[in-house]
Amino acid sequence: MKKAALILVVVLLILAGYIGYLFFFKTYDTADQEVDQLAEGDYKLSLPQDTGSSSFSEEEIVEPYRKTYKELIGEAESRIDGIVSEAEKEFVEKKQSGEDISYSYFFNKYTSAADRLEASTDEAFEEIYKPMKTRLEEQGYESEAAEDLKREYQETKKGWRDSLMRSAKESF
């Protein structure tokens, strides 16, 4: 009896380890060029040019960076929509072909893509934020406008995550 219980415990531990591996440790390479391009492609930012040491108002400094930020957000949202479309398309194709659908596969694959997209978007945001902050400080202004933009970006990312989680729950 003790031997059977021990075997059962070992089997359960192995099964729990495998499930943990699938959900937490195994990352899926998307093996999907379109998803990879959406997740990792470089952003083409139209950053304001430094026009020397001329004096500018705070608004003259901030506005071009805000415009670039809005372009970044628009492109990021377009990429998010593209990744969601690819996930939906793959799900439908697998379902129509009668393949087994592994929800952990979809979760891991597209979470990985979303994480990579977030990282590339964060890098692009830093290319806007850092020079904006520096330029404001060089002109003698507080960097509050840059900090406000950073807070807005963090809130936007939080909204994206919340929206994606709602969409995922509704889809599956």
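Before going into details, it helps to say that this report is about the structure given with it. Every residue gets a number counted from 1 within its own chain, in the order that chain's sequence is written. Given that the model is predicted, a residue must reach a pLDDT of at least 70 before its local features are reported, and side-chain atom pairs must reach 80 or more before they are shown or counted; all residues, however, enter totals for whole chains, interfaces and linings. Side-chain numbers here rest on the full set of heavy atoms in the structure, without hydrogens or water.

Brief notes about the nonpolar core
Thought 1: In this text, buried Ala, Val, Leu, Ile, Met, Phe, Trp, Tyr and Cys residues form a nonpolar core when linked through side-chain atoms within 4.5 Å. The rule is simple: take the accessible area with a 1.4 Å probe, protein chains only, and divide by the maximum for that residue type; under 20% is buried, over 50% is exposed, in between is partly exposed. Grouped together as the largest cluster of nonpolar side chains are 31 residues, with contacts concentrated most on Tyr-69, Ile-83, Phe-125, Met-132 and Leu-136.
Thought 2: Secondary structure elements follow DSSP: runs of H or I of four or more residues count as helices, runs of E of two or more count as strands, with numbering from the N terminus. Elements with a minimum of two residues in this core: helix 2 (33-40), helix 3 (58-96), helix 4 (103-138) and helix 5 (144-171).
Thought 3: When checking whether two residues touch, look at their non-hydrogen atoms; a contact exists if any pair is within 4.5 Å. With residues up to four places along the chain from it excluded, the contact list for Leu-136 reads Glu-58, Ile-61, Val-62, Tyr-141, Glu-142, Ser-143, Ala-145 and Ala-146.

Looking at the pattern of salt bridges
Thought 1: Counted as salt bridges are all cases of a side-chain nitrogen of Lys or Arg within 4 Å of a carboxyl oxygen of Asp or Glu. Tallied over the full model, the rule gives 14 salt bridges.
Thought 2: Among the salt bridges present, the one from Glu-152 reaches Arg-66, with a minimum N-O distance of 2.8 Å. Of the two residues, Glu-152 is situated in helix 5 and Arg-66 in helix 3; the sequence distance between them amounts to 86 residues.
Thought 3: Judged by its relative accessible area of 22%, Arg-66 is partly exposed.

Notes on the packing of aromatic side chains
Geometry of an aromatic ring pair is reported as the spacing of the ring centres plus the angle between the planes.
Thought 1: Two aromatic rings from Phe, Tyr or Trp, using only the six-membered ring of Trp, form a pair when their centres are within 6.5 Å; if the ring planes differ by under 30 degrees the pair is stacked, by over 60 it is edge-to-face, and anything between is tilted. Following the criterion strictly, the structure yields seven aromatic pairs and no others.
Thought 2: Between Tyr-69 and Phe-125, the aromatic rings sit 6.0 Å apart at their centres with planes inclined by 75 degrees, giving edge-to-face as the arrangement. Pair noted here: Tyr-69 is in helix 3 and Phe-125 is in helix 4, with a separation of 56 residues, a long-range link. Each of the two residues, Tyr-69 as well as Phe-125, counts as buried.
Thought 3: Taken together, the ring pairs connect Phe-91, Tyr-103, Tyr-105, Phe-106 and Tyr-110 into an aromatic cluster.
Thought 4: Two conditions define a charge located above a ring, namely a distance within 6 Å from the ring centre to NZ of Lys or CZ of Arg, and an angle within 35 degrees of the ring normal. Stacked on the ring of Tyr-43, the Lys or Arg Arg-79 has its end atom at 3.9 Å from the ring centre.
Thought 5: It is Arg-135 that lies over the ring of Phe-56; its NZ or CZ is 5.0 Å from the centre.

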